[in-house]
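Survey of secondary and tertiary structure
Letter by letter, the chains look like this.
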Amino acid sequence: MARVSNLSSRGKELNEDVTNVLSYASILSVPIFFGGLAISEPLVVTIYGLAYAKAAPLLIVIALYHVVMTQNMPLEQTIYGLDLPRRLSVISAGTVILNIVLGFALVPIVGAVGAALSSLVAETVSYLLLRYSLNQMANEIEFMSSTFLKQCLAGCMMVSLLYLVYGWNLQAGILSIAPALMVGAVIYFTILLTVSNEVRITVRSVITEIFIS
């Protein structure tokens, strides 16, 4: 976030830069989460065996955690770039303590899922605190931009179409899972490119830059 620090020192608005970073930070985490909703159990069984079928909810919680984490990281970097390391340290320490306390409470009840849930809650609290802090300094940042929301829409539609194609009982096994993963990826990115002009422009720009260089 050197650019953030530079913009801040020159007194320029940070809104557009931070919004752009947040818009694309979770472009891969979002479909992984929604895909997990559709195929988590057969995926776990395929990789680890039938004995681990009950670990499917753990995969979903971890995937959701990564969505929050990818939204959180740019906020942390922005706070650091604004030369507010003390505030960042306080928030980090508080969420670590919350994670530990929740872990002690939840792990005996729901096992590994409890540990994942405690991490998810702590990361979400960290996100909300960082968002509040940034709102005090740059209150026009779009934390939930239309680009990010369209990614979530594409993820929802991907899950719906996967269920339409494969039903509710996708079988475990590489011959079932691999095509489902590929079909899901194609559906997600096709829908996203269809509904989001911003993503189309970004992809076109990246492709053009690759071929020119």
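Everything in this summary refers to the structure shown in the same document. (Residues numbered from 1 in each chain as written. Predicted model: local features only at pLDDT ≥ 70, side-chain atom pairs only at ≥ 80, totals over all residues. Heavy atoms only, no water.)

A count of helical and extended segments in the protein gives 9 helices and 0 strands. Starting at the N terminus, the α and β elements of the protein follow one another as α-α-α-α-α-α-α-α-α. The principal-axis extent of the C-alpha atoms belonging to the protein is close to 55 × 50 × 30 Å. In the protein, which comprises 213 residues, the share counted as buried stands at 37%. Partitioning the contacts of the protein with sequence separation of at least 6, the portion at a separation of at least 24 is 74%. If you sum the accessible surface of the protein, you get close to 12200 Å²; carbon and sulfur atoms cover 67% of it. When the 10 basic and 11 acidic side-chain charges of the protein are each reduced to a single mean position, those positions are 1 Å apart. (Helix = DSSP H or I, 4+ residues; strand = E, 2+ residues; numbered from the N terminus. Buried < 20%, exposed > 50% of the residue type's maximum accessible area, 1.4 Å probe, protein only. Contact = heavy atoms within 4.5 Å. Areas by Shrake-Rupley, 256 points an atom, 1.4 Å probe, with all protein chains shown as cover. Lys, Arg positive; Asp, Glu negative; His and termini not counted. Charge placed at Lys NZ, Arg CZ, Asp CG, Glu CD.)

Glancing now at the environment of L181. Looking at the secondary structure, you find L181 in helix α8 (residues 174-195). Along the sequence, L181 and I39 sit 142 residues apart, while their C-alpha atoms lie 8.7 Å from each other.

In this section: the environment of L175. With respect to the secondary-structure elements, L175 resides in helix α8. For L175, a relative accessible area of 78% puts it in the exposed group. Expressed as a C-alpha distance, the spacing of L175 and V195, which sit 20 residues apart in the sequence, is 31 Å.

Under the criterion given, the structure shown has 3 aromatic pairs. Relative to Y52, the ring of Y48 lies with its centre 5.9 Å away and its plane at 55°, an arrangement referred to as tilted. Ring plane angle 80° and centroid distance 4.9 Å describe the contact between Y188 and F189, whose orientation is recorded as edge-to-face. In this structure Y188 comes out as buried when scored by relative accessible area, which is 0%. (Phe/Tyr/Trp six-rings, centres within 6.5 Å; stacked < 30°, edge-to-face > 60°.)

With that settled, consider helix α6 (residues 112-137). For α6, which comprises 26 residues, the first-to-last C-alpha distance of 38 Å matches the rise-based estimate of 38 Å (1.5 Å per residue) to within 8%. By the burial criterion, the buried members of α6 are V113, G114, A116, S118, L120, A122, E123, S126, Y127, L130, S133 and L134. (Expected span 1.5 Å × (residues − 1).)

The next thing to look at is the packing of helix α3 (residues 29-48) against helix α7 (residues 146-166). Two quantities define a packed helix pair, namely the angle between the axes and the distance from one axis to the other. Contact pair α3 / α7: the axes reach a minimum separation of 9 Å and the direction vectors enclose 25°. When the interaxial angle is binned, α3 and α7 end up roughly parallel. Read as a crossing pair, α3 and α7 show a hand that is right-handed. From α3, V30, P31, F34, G35, L37 and A38 reach across to α7, where they touch F148, Q151, C152, G155, C156, M158, V159, L162 and Y163. Classifying every residue of the contact of α3 with α7 gives 12 nonpolar, 3 polar and no charged. (Axes fitted to C-alpha atoms, helices over the stretch in contact; angles between N-to-C directions. Parallel < 35°, antiparallel > 145°, perpendicular 65-115°, else oblique. Left-handed = near helix turned anticlockwise from the far one by under 90°. Nonpolar A, V, L, I, M, F, W, Y, C, P; charged D, E, K, R; others polar.)

Moving on to the environment of T124. Along the chain, T124 turns up in helix α6. Each C-alpha atom, one on T124 and one on M69, is 8.1 Å from the other, the two residues being 55 residues apart in sequence. A distance of 2.7 Å separates the side chain of T124 from the backbone oxygen of L120, its partner in a polar contact. (Polar contact = N/O pair within 3.5 Å; in protein donor to acceptor, adjacent residues only side chain to side chain.)

Before going further, it helps to examine the nonpolar core. Residues V30, F34, M158 and Y188 are the most contacted members of the largest nonpolar core, which totals 21 residues. Among the elements of the structure, α3, α4 (56-81), α7 and α8 are those that each provide at least two residues to this core. Sequence-distant contacts of M158, defined by excluding residues within four places in its chain, comprise P31, F34, G35, G184, I187, Y188 and I191. (Core = buried A, V, L, I, M, F, W, Y, C linked by side-chain atoms within 4.5 Å.)

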